[in-house]
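# Close look at the chain arrangement
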Amino acid sequence: MVVNNFQIEVDNERLLRFLGSSGNKNVSPAVQQKIDRFSDRLEELVTPRINFKLKPLASVKKDGVLLHDQTWLKSPKLSRTFRSAKKVCFFIATIGHDLERKVSECMEKNRYADAYVLDAMGSLVVENVTDQFHLRMERYYQARGQAVTLRFSPGYCDWSLREQPDVFNQFEDPGNLGVTLSNTCLMTPRKSVSGVFGIVPKNGDQTIADYNPCTNCSKTNCIARRG
Ligand code: SF4
């Protein structure tokens, strides 16, 4: 099912941090001007859409999870997170091609700072759209006495990027969003996010849905760390 009614939002604090602001140090007026200019144009540059598919789980093993169609998602951390899940939700999110075309256009005109700012904004918009979808699903299942787990994407944590095709294969028409997969498992447009989260019965046990593998993980410099 494809969903497309998302707010177009950029987490301004994260954007400024990404662009070099820290503590009392602000971004330069020139960078702020670029942010303001592109913020005004974001609506015409992004088309957020998410395709999602629910699938029942066959079993959860120690080092991965198995679907009924024999798809095996190999990741001990994903397995631990999904240990009580009855089904999972696969998704592919994208903001489309236009923003990336604009970034390429800026590069061709040697406007590298413009390209950098716009590219960063695109990354944050697609993350935000994915968060909006995840939150919407959480609310939907909460109203039905269930919960959702944290989301995982191939290439992050201990789930290999090589398993990206397993996400795409869950969809009858994975290309209907205009997102394609290269033979190195990278998505085009780049401003796309794929992944999966579990749906679990709550049974009064909040910790099932709230389990976060990062809490006990020693990789302190991990860019995907949560919480
Ligand atoms: S910090 Fe979190 S996301 Fe990163 S490897 Fe550890 S468990 Fe995975």
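Residues numbered from 1 in each chain as written. Predicted model: local features only at pLDDT ≥ 70, side-chain atom pairs only at ≥ 80, totals over all residues. Heavy atoms only, no water.

With that settled, the discussion passes to the layout of surface pockets. Of the volumes computed, that of the largest pocket is approximately 1300 Å³. Lining the largest pocket we find 40 residues, and of these Glu-127, Arg-151, Tyr-156, Ile-223 and Ala-224 sit closest to its centre. Contributions of two or more residues to the lining of the largest pocket are made by helix 1 (12-18), helix 5 (112-142), strand 6 (146-152) and strand 9 (192-201). With seven residues, helix 5 is the single largest residue contributor to the lining of the largest pocket. (1 Å grid on protein atoms, 1.4 Å probe; cavity = no way out; pocket = protein on both sides within 12 Å on 5 of 7 lines; lining within 4 Å. Points joined across faces, edges and corners; volume = space filled by probe spheres on them. Helix = DSSP H or I, 4+ residues; strand = E, 2+ residues; numbered from the N terminus.)

Orientation of helix 4 (residues 98-108) relative to helix 5, taken along the N-to-C sense of each, is 165°, at an axis distance of 8 Å. On the basis of the axis angle, helix 4 is roughly antiparallel to helix 5. Where helix 4 crosses over helix 5, the two elements pack in a sense that is left-handed. When helix 4 is examined against helix 5, the residues Leu-99, Lys-102, Val-103, Cys-106 and Met-107 are found in contact with a partner set consisting of Tyr-112, Asp-114, Ala-115, Leu-118, Asp-119 and Gly-122. Counted by class, the contact of helix 4 with helix 5 contains seven nonpolar, one polar and three charged residues. (Axes fitted to C-alpha atoms, helices over the stretch in contact; angles between N-to-C directions. Parallel < 35°, antiparallel > 145°, perpendicular 65-115°, else oblique. Left-handed = near helix turned anticlockwise from the far one by under 90°. Contact = heavy atoms within 4.5 Å. Nonpolar A, V, L, I, M, F, W, Y, C, P; charged D, E, K, R; others polar.)

Within the fold, Phe-171 resides in the loop between helix 6 (164-168) and strand 7 (180-181). A residue is classified by how much of its surface remains accessible, and Phe-171, at 7% relative accessible area, is buried. For Phe-171 and Ile-95, which are 76 residues apart along the polypeptide, the C-alpha to C-alpha distance reads 18 Å. With residues near it in sequence (within four places) discarded, Phe-171 still touches Asn-51, Phe-52, Lys-53, Phe-90, Phe-91 and Ile-92. (Buried < 20%, exposed > 50% of the residue type's maximum accessible area, 1.4 Å probe, protein only.)

Our next topic: the site of the ligand. Every residue close to the ligand is listed here: Lys-77, Cys-157, Pro-213, Cys-214, Cys-217, Lys-219, Cys-222, Ala-224 and Arg-225. Placement of the ligand is best described as lying within the largest pocket. Across the shell around the ligand, the residue classes tally to six nonpolar, no polar and three charged. (Near = heavy atom within 4 Å. Sits in = over half its atoms within 2 Å of the grid points.)

So, on to helix 2 (residues 29-45). Spacing of three or four residues puts side chains on the same side of an α-helix, whose turn is 3.6 residues. With 17 residues, helix 2 ought to run about 24 Å at 1.5 Å a step, and its terminal C-alpha atoms sit 23 Å apart, in line with that. Ser-39 marks the point of greatest bend in helix 2, at about 35°. Within the span of helix 2, buried status applies to Val-31, Lys-34, Ile-35, Phe-38, Leu-42 and Leu-45. Against the buried residues of helix 2 lie helix 1, helix 4 and helix 5. (Expected span 1.5 Å × (residues − 1). Bend = angle between axes of the 7 residues up to and from the residue.)

Taken as a whole, the protein chain shows an average pLDDT of 92; of its residues, 97% reach a score of 70 or greater. The least confident element of the protein chain is helix 7 (residues 206-210), whose mean pLDDT is 66; the most confident is helix 4, at 97. (pLDDT = per-residue confidence, 0-100.)

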